[in-house]
Amino acid sequence: MGSTAALFLARGGMSTALIDRGPLCREASGVNAGTLTLHMTRAALIPYAIRGWEMWQAAEDWLGRGVAARAVEGLSLAFTEAEEDLLVQRARVRQAEGAPIELVDPVRAREIEPGLNPAVRRAAWCRIDGFASAYLTGRAYRHALVDAGADVREGATVKGIDRTGRGFTVRMEGGETLAARRVVLAGGVWLERMLGWLGVHIPVKCLVNQLVVTERIEPVMRTVLSIANGLLSLKQFDNGTVLIGGGWQGIGDPDMGGREAIPENLVGNIRLACHVIPALRATRMARVWLGLEAETADALPLLGDVPGVPGAYVIGSVHSGYTSGPWMGRLLAQHILGAAPEMGLFDPARLLDQTPAGQETGEAIPL
Ligand SMILES: Cc1cc2nc3c(=O)[nH]c(=O)nc-3n(C[C@H](O)[C@H](O)[C@H](O)COP(=O)(O)OP(=O)(O)OC[C@H]3O[C@@H](n4cnc5c(N)ncnc54)[C@H](O)[C@@H]3O)c2cc1C
């Protein structure tokens, strides 16, 4: 998200440096499942996700090179009565936010996705869905940023940011400093720490998401599939591999990174995938990896001004943030450049001194 904000700031005529301690987009933005979805994103983010989806489909036009984005249909599924109730509820709130989602019966669902388990009770169909290859993201952005004249500094770890009379001094590992009139914090699960550099405390929870990819197999599915309870996302890439996700947790934290898969969670995730597409039962798992995803107390983004620190901005903690990320970054750039953004931002001040996500007593399954 920081890369998109930097790109549109540089194109807007602002002298822009992008500092990342690793290669660009090699954390969440490079290791995610690449699903470009309205089914799984928070309902309040649907209008943003639609614009993000459109941007990814046209990435060659505005980014210069694509991320192998594919537009396919998406089905969210219900196999139990409880899932069916949830499916209907989730479809309604998404429709109200502008998602072109329709409820379909099992016969229609299996016309759309013939490999589906016949035990499906009901499905929500969305024509706006798809996927990309997230590992291509950094390469695309690096080229675009350099072409736009941004100063791209990879392998540069920021240790702190000091406020000065004219803006900020960014301190990097090794002692180098950079003076800036404005700063954008875009550090994913490390945002809580970064906000702390400026004396602001907003809790940011770290999710350790597991993903599984299979060996290459013959085509077994053509859509993006998910389950109403959010515990599965499934798609098959053109090379035949099937990517299985759904937010099942592994072991890790912002300091250690994603360290270890939890075998029971892998088994649970894979069982669900095989339940949904029975042809997967004969398939071998090729690789498992983990990535860190940020979440605020209300599971909505940090997008806008850092409270009480003029000239400092923050972007991150966006649910299904790969889908809407380009649009979110562009909105923040519009705001910083002084234009009225085309859609509302998500004021970070609402989250000051709030209970960290996961400790609240709110809804059990998010809409
Ligand atoms: C496994 C997984 C699967 C997911 N699947 C999907 C999906 O299918 N669809 C979807 O829409 N979303 C998905 N998401 C969510 C999505 O990937 C994230 O919302 C989004 O990529 C977050 O982008 P970001 O720029 O905020 O964070 P990041 O991409 O994590 O970027 C943060 C950057 O900050 C840098 N940084 C941190 N500390 C410092 C420092 N001190 N100095 C310099 N640089 C620093 C890091 O190196 C990193 O590059 C998934 C997330 C994960 C982890």
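For the structure itself, consult the block above.
Report on the accompanying structure. (Residues numbered from 1 in each chain as written. Predicted model: local features only at pLDDT ≥ 70, side-chain atom pairs only at ≥ 80, totals over all residues. Heavy atoms only, no water.)

**Side note on the site of the ligand**
Applied cut-off: In these notes, residues near a molecule or strand are those with any non-hydrogen atom within 4 Å of it. In the analysis that follows, any N or O atom pair within 3.5 Å is treated as a polar contact, provided that within protein one partner can donate a hydrogen and the other can accept it, and provided that, for residues neighboring in sequence, both atoms belong to side chains. Residue-level accessible areas treat just the shown protein chains as cover; the underlying method is Shrake-Rupley with a 1.4 Å probe.
The ligand sits among 30 residues. The nearest are Met 1, Asp 20, Ser 29, Thr 35 and Thr 323. Asp 20 places a side-chain nitrogen or oxygen 2.6 Å from an oxygen atom of the ligand. A distance of 2.9 Å separates an oxygen atom of the ligand from a polar backbone atom of Ser 320. Compared with its free state, where it exposes 1000 Å², the ligand has 92% of that area covered by protein.

**Comments concerning the nonpolar core**
Where a protein is soluble and globular, its nonpolar side chains tend to be buried together. Which entries qualify depends on this criterion: Side-chain atoms within 4.5 Å link the members of a nonpolar core, which is a set of buried Ala, Val, Leu, Ile, Met, Phe, Trp, Tyr and Cys residues. Exposed residues in this analysis have more than 50% of their type's maximum accessible area, buried residues have under 20%, and partly exposed residues fall in between, with area computed by a 1.4 Å probe over protein chains only. Secondary structure follows DSSP: runs of H or I at least 4 residues long count as helices, runs of E at least 2 residues long count as strands, and numbering of each begins at the N terminus. Any two residues whose heavy atoms approach within 4.5 Å at even a single point are treated as in contact.
Ranked by internal contacts, the top residues of the largest apolar core, which has 54 residues, are Leu 38, Trp 56, Trp 62, Leu 63, Tyr 141, Leu 145 and Met 328. Going through the elements one at a time, α1 (2-11), α3 (46-57), α4 (59-63), α5 (81-96), β4 (122-131), α7 (137-147), β18 (312-316) and α10 (321-336) are the ones with two or more residues in this core. Look past the residues within four positions of Met 328 in its chain and what remains in contact with it is Met 1, Leu 45, Tyr 48, Pro 301, Leu 303, Ile 315, Val 318 and Phe 346.

**Structural notes on the environment of Gly 130**
Take Gly 130: it is sitting in strand β4. Measuring from C-alpha to C-alpha, the distance between Gly 130 and Thr 41 comes to 13 Å, with 89 residues separating the pair along the chain. Excluding anything up to four places from it in sequence, Gly 130 contacts Gly 34, Thr 35, Leu 36, Trp 53, Arg 70, Ala 71, Val 72 and Val 224.

**A look at the sheet that holds strand β16 (residues 285-295)**
Convention followed: Here a strand pair is declared whenever DSSP counts at least two bridges between the two strands. Geometry is summarised by axes, namely lines fitted to C-alpha atoms with helices restricted to the contacting stretch, and by angles between N-to-C directions that run from 0 to 180 degrees.
If you trace the eight strands from one edge of the open sheet to the other, you get β3-β4-β2-β11-β12-β13-β10-β16, paired in mixed fashion. In the strand order of this sheet, the two ends are held by β3 (101-104) and β16, each with one partner. The sheet shows a mean angle of 25° between the axes of neighbouring strands, taken without regard to direction. Note that strand β10 (residues 205-214) and strand β13 (residues 242-245) share two bridges and pair antiparallel. From the neighbouring strand, Val 212 faces β13, where its bridge partner is Ile 244. Across the sheet, α3 touches β2 (70-78) and β4, and the angle it forms with β4 is around 45°.

**Considerations on α5**
Our working rule: A helix is expected to reach a length of 1.5 Å times the quantity of its residues less one.
With 16 residues, α5 extends 23 Å from end C-alpha to end C-alpha; this agrees with the ideal 22 Å at 1.5 Å per step. Where α5 is concerned, the buried positions are Glu 83, Glu 84, Leu 86, Leu 87, Val 88, Arg 90, Ala 91 and Arg 94. The secondary structure elements touched by the buried residues of α5 are α3, β2, β3, β4 and β11 (224-227). Positive backbone phi, at 105°, marks Gly 98, one or two positions downstream of α5.

**Section: the packing of aromatic side chains**
The test is simple: What counts as a ring pair is set by centres within 6.5 Å for rings of Phe, Tyr and Trp (its six-membered ring), and what kind of pair is set by the plane angle: stacked under 30 degrees, edge-to-face over 60, tilted for all other angles.
Summed over the entire model, instances satisfying the criterion amount to six aromatic pairs. Judged by centre distance (6.4 Å) and plane angle (50°), the rings of Trp 56 and Trp 62 are tilted. Residue classification places Trp 56 among the buried residues on the basis of a relative accessible area of 3%. Judged by relative accessible area, which is 12%, Trp 62 ranks as buried.

**As for unusual backbone geometry**
A positive phi angle, close to 60°, is found at Ala 299, a residue other than glycine. Structurally, Ala 299 is set in the loop between β16 and β17 (302-305). Even without being a glycine, Ser 320 presents a positive backbone phi close to 50°. Looking at where Ser 320 falls in the secondary structure, it is placed in the loop between β18 and α10.

**So, the pattern of salt bridges**
Rules: The salt bridge criterion pairs a side-chain nitrogen of Lys or Arg with a carboxyl oxygen of Asp or Glu, the two atoms within 4 Å.
Per the stated rule, a full pass over the model turns up 16 salt bridges. Here Lys 159 ties to Glu 173 by a salt bridge, and the two come within 3.8 Å at their closest N and O atoms. Remark: Glu 173 occurs in the loop between β7 (167-172) and β8 (177-180) and Lys 159 occurs in strand β6 (residues 158-164); sequence separation between them is 14 residues. Between Arg 330 and Glu 342 there is a salt bridge whose closest N-O contact spans 4.0 Å. A residue pair is termed long-range when its members are at least 10 positions apart, and Arg 330 in helix α10 and Glu 342 in the segment after α10 qualify at twelve residues. Judged by relative accessible area, which is 27%, Arg 330 ranks as partly exposed. What you see here is one network of salt bridges that share partners, running through Arg 51, Glu 54, Arg 330 and Glu 342.

**Regarding the sheet that holds strand β9 (residues 183-185)**
The pairing of strands in a sheet comes from backbone hydrogen bonds and takes either a parallel or an antiparallel form. The strand order across the open sheet formed by three strands is β9-β18-β17, and the pairing between neighbours is mixed. Bordering the open sheet on either side are β9 and β17, each of which pairs with just one other strand. For this sheet the average axis-to-axis angle between neighbouring strands, irrespective of direction, equals 20°. Relative to β18, β9 runs parallel, the two sharing three bridges. Residue Leu 185 lies in a different strand from β18, and its bridge partner there is Val 314. The sheet contacts of α10 involve β9, β17 and β18, and relative to β18 the element is tilted by about 170°.

**A short note on the packing of α1 against α7**
For the record, the criterion: The scheme is simple: roughly parallel for angles under 35 degrees, roughly antiparallel for over 145, roughly perpendicular for 65 to 115, oblique for anything else. Note on convention: near helix rotated counterclockwise from far helix by under a right angle means a left-handed crossing. Clockwise means right-handed. Put simply, Ala, Val, Leu, Ile, Met, Phe, Trp, Tyr, Cys and Pro go in the nonpolar bin, Asp, Glu, Lys and Arg in the charged bin, and everything else, Gly too, in the polar bin.
Orientation of α1 relative to α7, taken along the N-to-C sense of each, is 20°, at an axis distance of 9 Å. Considered as vectors, α1 and α7 are oriented roughly parallel to each other. The interaxial crossing formed by α1 with α7 has left-handed handedness. Contact residues: α1 offers Ser 3, Thr 4, Ala 6, Leu 7 and Arg 11, while α7 offers Tyr 141, Ala 144 and Leu 145. Partitioning the contact of α1 with α7 into residue classes produces five nonpolar, two polar and one charged.

Function-wise, these values are silent; they only describe arrangement.
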